[in-house]
Amino acid sequence: MAPEPLTPANTTVVLVDYAVGFANLLRSHDLAEHINNVVGLAKTAKWYESGLVVTNGQSTKPSGPLYPELLEALGDQPVIERAVDFNSFLDESFAQAVRAEGRQNLVIGGIATDGCVLQTVLGGLREGYRVHLAVDASASPSLEAHNAAVQRMIQAGAVPVTWFSMAAEFQLDPTFHDAPHRMRLMQENVPAMAMGARSFGNAVELGKRTATAA
C-alpha cells in the first residue's frame, strides 16, 4: 500500500541538537553543505507552515547553542533545552511539544545520526509516529557511523527522505500549488539546480535574440 503523501498539515519537522560545539566533529558530510541542508530543512518547515519542534541540549554545556545560520532561519521559534541526552522523547517537555503539533508524520534531522538522532527516531517509532529521517540534514563523526545508523533506522521502520524532496512533496499540496516556496528554496539552498535554471533561462533568451535577428 502506498503511504499517504507528506503534507504540511500531517507532518512535524523535528530538529535535534544542531549545536555549534558538535559541528567541527562531523566528518560524514562537508560542513558547509551540511549547514546549507539544515537551513533548507528549517525554511521548508517555516515557509510551508508544517509542525516544527526544535530541541538542543543545555546551551551552557560545551556543545553550546544552535548554529547561528539555523537560528536566523528559525526566527522566534522556541528551542526546547533538554536535560535528557540521546532519546529526546524521554524529555517530557519535548514529548509534549511533539504531541501538541497533532501530526502523525515526523521528519527528523539532527546530529549526530548515530547518537541523538538514532535514539530520537527509535523513540518516535515506539510512540507510534510514522517517522522519516532527513538523511542529508543529519551527520556523524564518520560516514560509517552515519550509514550504519541510517540502516538501523530503516530496518526499524523509519523512511529516509531528503529535505528538498520533502519540500517538493509539500508543494504538491493544493494549498501551496502556486506558492513560490520551492523555487525560492532552490535559489537559496540548492545552488547547482539554481545555476542550471539560470543557464537554461540564458539559453532561451539567446535563442529568442537569434530568432529576432534572423
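Everything that follows concerns the structure shown earlier in this document.
Throughout what follows, the structure given in this document is the object of discussion. Quantities reported herein were computed from a predicted structural model and do not represent experimental measurements.

In this section: the packing of aromatic side chains. Enumeration over the complete set of coordinates arrives at six aromatic pairs. Geometrically, the ring pair formed by Tyr48 and Phe176 is edge-to-face, given 5.2 Å between the ring centres and 70° between the ring planes. Of this pair, Tyr48 sits in helix α2 (residues 31-48) while Phe176 sits in the loop between α7 (163-171) and α8 (181-189), and the two are 128 residues apart along the sequence. Take Tyr48 and Phe176: they sit in the same class, and that class is buried.

Okay, helix α6 (residues 143-156) next. With 14 residues, α6 extends 20 Å from end C-alpha to end C-alpha; this agrees with the ideal 20 Å at 1.5 Å per step. Summarising the contacts, the buried residues of α6 are in contact with α5 (113-126) and β5 (130-134).

Here the focus is α7. Because an α-helix packs 3.6 residues into every turn, residues spaced three or four apart end up facing the same way. Of all the residues in α7, the buried ones are Trp163, Phe164, Met166, Ala167, Phe170 and Gln171. Relative to the axis of α7, the buried residues are bounded by an arc of 155° and lie together on one face.

Here the focus is the sheet that holds strand β6 (residues 159-161). As summarised here, the arrangement of the six strands in space is β3-β2-β1-β4-β5-β6, forming an open sheet in which the pairing is parallel. With one partner strand each, in any of the chains shown, β3 (79-82) and β6 form the two edges of the open sheet. Taken pair by pair, the neighbouring strands of this sheet meet at an average axis angle of 30°, ignoring direction. In terms of strand pairing, β5 meets β6 through three bridges, oriented parallel. Directly across from Leu133, in β6, lies its bridge partner Pro160. Against the sheet, α5 engages β1 (11-16), β3, β4 (105-110) and β5, with an angle of about 170° to β4.

Before going further, it helps to spend a moment on the pairing of β4. Within β4, six of the six residues are buried, which leaves it mostly tucked inside the rest of the structure. What you see with β4 is no split at all: Asn105, Val107 and Gly109 on one side and Leu106, Ile108 and Gly110 on the other are buried throughout. For β1 and β4, the ladder comprises six bridges, and the chain directions are parallel. Paired with Thr12 across the bridge in β4 is Leu106. With four bridges joining them, β4 and β5 adopt parallel strand pairing. The partner of Val107 across the bridge, within β5, is His132. In this view, the connection linking β4 to its parallel neighbour β5 by way of α5 has right-handed handedness.

Summed over all chains, the structure comprises eight salt bridges. Among the ionic pairs, Glu4 bridges to Arg130, the shortest N-O distance being 2.4 Å. With Glu4 in the segment before β1 and Arg130 in strand β5, this residue pair connects regions lying 126 residues apart in the sequence.

Cut-off values and rules
Residues numbered from 1 in each chain as written. Predicted model: local features only at pLDDT ≥ 70, side-chain atom pairs only at ≥ 80, totals over all residues. Heavy atoms only, no water. Phe/Tyr/Trp six-rings, centres within 6.5 Å; stacked < 30°, edge-to-face > 60°. Helix = DSSP H or I, 4+ residues; strand = E, 2+ residues; numbered from the N terminus. Buried < 20%, exposed > 50% of the residue type's maximum accessible area, 1.4 Å probe, protein only. Expected span 1.5 Å × (residues − 1). Contact = heavy atoms within 4.5 Å. Arc of directions from axis to C-beta. Pairing = 2+ DSSP bridges. Axes fitted to C-alpha atoms, helices over the stretch in contact; angles between N-to-C directions. Right-handed = clockwise from strand over helix to strand, strands pointing away. Salt bridge = Lys/Arg side-chain N within 4 Å of Asp/Glu carboxyl O.

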